[in-house]
Amino acid sequence: MKSAPELWELLDGELQLRHWSARVCDGDSTVEVTARQPGRLLAWRCDGGKVKVKLEEKGFGTKVAIAAKADDGLKEARLDEMLDELAEPQRRPFSAV
């Protein structure tokens, strides 16, 4: 299980946002962040629709809610893949201390 700060780190990167937008919207569409509350909420608009990801601490993990509104062309099936990707453990190489 990941904490809200760990998930936020995955969400808030520009490259990651473009990656998800390309998968959920129409390819290489422009991305416009419409709402950003660090650690809690990220919403954006891309060609084909709007996506909002909300994070809430819940017990020993984090509740992730993804909402989307399609203008046209939004690939709703990709939203489940986005949730799965956020849930996967991140593999990081060991480092010497």
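Summary of the structure given here. All values derive from a computational prediction rather than experimental measurement.

Attention now moves to the overall build of the protein. When helices and strands are counted, the protein shows 3 helices and 4 strands. Ordered by position in the sequence, the α and β elements of the protein form the string α-α-β-β-β-β-α. The proportion of buried residues among the 97 residues of the protein is 28%. Here the contacts in the protein between residues at least 6 apart in sequence split such that 45% fall between residues at least 24 apart.

Within the sequence span of helix H2 (residues 14–24), burial applies to Leu-17, Trp-20, Ser-21 and Val-24. Considered in projection along H2, the buried side chains sweep an arc of 100° and stay on one side of the axis.

Scanning the model with the defined rule gives 3 salt bridges in all. Between Asp-12 and Arg-36 there is a salt bridge; the shortest N-O distance is 2.6 Å. With Asp-12 in the loop between helix H1 (4–11) and H2 and Arg-36 in strand E1 (residues 31–37), the pair connects residues that are 24 residues apart, well separated along the chain.

In this section: the environment of Arg-78. Note that Arg-78 resides in helix H3 (residues 77–87). Look at Arg-78 and you get partly exposed, because its relative accessible area is 33%. Along the chain, Arg-78 and Cys-25 lie 53 residues apart, while their C-alpha atoms are 9.1 Å from each other. Sequence-distant contacts of Arg-78, defined by excluding residues within four places in its chain, comprise Arg-23 and Val-24.

Turning to H1, a few remarks are in order. An α-helix turns once every 3.6 residues. As a result, residues three or four positions apart point the same way. By the burial criterion, the buried members of H1 are Ala-4, Leu-7, Trp-8 and Leu-11. What you see down the axis of H1 is that its buried residues fit within an arc of 105°, all on one side. When the buried face of H1 is taken as reference, the exposed residues oriented beyond 90 degrees from it are Pro-5 and Glu-9.

Within the largest apolar cluster, 16 residues are counted, with the highest numbers of intra-cluster contacts made by Leu-11, Trp-20, Leu-42, Trp-44, Val-53, Leu-55 and Met-82. Of all elements in the fold, only H1, H2, strand E2 (41–46), strand E3 (49–58) and H3 reach the threshold of two or more residues within this core. With residues up to four places along the chain from it excluded, the contact list for Met-82 reads Leu-11, Trp-20, Trp-44, Val-53 and Ile-66.

Analysis parameters
Here the residue index of a chain counts from 1 through its sequence in written order. Local features in this predicted model are restricted to residues whose pLDDT is 70 or higher, and side-chain atom pairs enter the listing and the counts only when it is 80 or higher, whereas totals over whole chains, interfaces and linings include all residues. As a rule here, side-chain values come from all non-hydrogen atoms in the structure, and water together with hydrogens is ignored. A run of DSSP states H or I qualifies as a helix once it reaches four residues; a run of E qualifies as a strand once it reaches two. Both are numbered from the N-terminal end. Categorising residues by exposure relies on relative accessible area from a 1.4 Å probe, with only protein chains included: less than 20% of the type maximum marks a residue as buried, more than 50% marks it as exposed, and the intermediate range marks it as partly exposed. Any two residues whose heavy atoms approach within 4.5 Å at even a single point are treated as in contact. Note that the arc is defined by the directions from the helix axis to the C-beta atoms. A side-chain nitrogen of Lys or Arg and a carboxyl oxygen of Asp or Glu constitute a salt bridge if their distance falls within 4 Å. Put simply, buried Ala, Val, Leu, Ile, Met, Phe, Trp, Tyr and Cys residues joined by side-chain atoms within 4.5 Å make one nonpolar core.

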